[in-house]
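Residues per chain are reported as follows:
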Amino acid sequence: YNALDRHISSPNKNKLALIWEGEPGDSRKFTYYELYRAVNKFANALRSLGVNKGDRVIVYMAPLPETVIALLAVAKIGAVHSSVFAGFSAKALRDRIEDAEAKLVVTVDGFYRNGKVVNLKTIVDEALVGSGTESVETVVVVHRANVDVEMNEPRDIWYEDLVRQERPEAHTEILDAEDMLFLLYTSGATGKPKGIVHT
């Protein structure tokens with residue numbers, strides 16, 4: 001609400017809220033109103049997938065506008081997000097999914113880093129093999145690098161297909177000051193990563 005909703009009835013509505021530039025030179029801009037609508041669409045999509053207040057969502061993404069949209073949408077519905085650095089391995093991702101008991105993972109097909117394409121979806125697939133990650137019901141995949149990825153239906157869904165039919169209005173969950181907002185894990189360099197709770 002503080003990040004977006006309150007600006008929609010003010011002169012800020014048409015001011016730029018987000019300017020993004022990609023490694024290959026592409027760029028995108030969002031006004032507060034455009035970002036508000038995008039966040040609402042993904043918030044509605046998350047609700048349609050059964051993500052509710054208190055559920056855990058892992059955001060394993062490169063720096064993209066959809067990363068910001070996902071974090072805000074998860075917060076909007078009262079769920080808990082945990083952002084995992086896109087440079088982390090499948091094992092590091094798996095540890096965090098397992099500990100958080102995540103219901104959903106948001107990722108990207110691939111992204112550009114130092115002139116190369118990193119296939120992130122393959123790492124997610126690897127992290128979800130075997131026991132311990134059964135809590136994950138859905139993997140939402142954003143198109144970015146247009147690399148070939150394996151989509152395991154019905155678990156895996158393209159982000160663009162998911163939000164296309166959603167309404168651009170969504171109510172914001174009212175939360176208590178002590179409700180969890182996000183989990184941020186320690187690096188795990190000296191042992192098992194510890195989830196730090198932010199209310």
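Rules and cut-offs
Each chain carries its own residue numbering, running from 1 in the written order of its sequence. Where totals are concerned, whole chains, interfaces and linings use all residues; where local detail is concerned, this predicted model gives features only for residues with pLDDT of at least 70, and gives and counts side-chain atom pairs only at 80 or more. Each side-chain value is worked out from all heavy atoms of the structure, with water and hydrogens disregarded. When two rings of Phe, Tyr or Trp (its six-membered ring) have centres within 6.5 Å they constitute a pair, described as stacked for plane angles under 30 degrees, edge-to-face for angles over 60, and tilted for the intermediate range. Secondary structure is summarised from DSSP: a helix means a run of H or I of at least four residues, a strand means a run of E of at least two, and numbering begins at the N terminus for each. Think of it in three bands: residues with accessible area under 20% of the maximum for their type are buried, residues over 50% are exposed, and the middle band is partly exposed, with areas taken using a 1.4 Å probe on protein chains only.

(A) Geometry of the packing of aromatic side chains. Within the structure shown, the criterion is met by three aromatic pairs. When the centroid spacing of 6.3 Å and the interplanar angle of 20 degrees are considered together, the rings of Tyr33 and Tyr36 count as stacked. Remark: Tyr36 and Tyr33 occur in helix α1 (residues 32-48); sequence separation between them is three residues, near one turn of the helix. According to the relative accessible area criterion, Tyr33 is partly exposed, its value standing at 25%. Summarising the aromatic geometry, the rings of Phe85 and Phe88 are spaced 5.5 Å apart at their centres and angled 85 degrees between planes, so their arrangement reads as edge-to-face. Overall, the relative accessible area of 25% leaves Phe88 in the partly exposed class.

(B) Highlighting unusual backbone geometry. Omega for the peptide link from Glu153 to Pro154 comes to 0 degrees, which places this bond in the cis form. Mapped onto the secondary structure, Pro154 falls in the loop between β8 (138-142) and β9 (156-158). Of note, Asn114 is a non-glycine position whose phi angle comes to about 55 degrees, a positive value. Of note, Asn114 is situated in the loop between β6 (111-113) and β7 (116-118).

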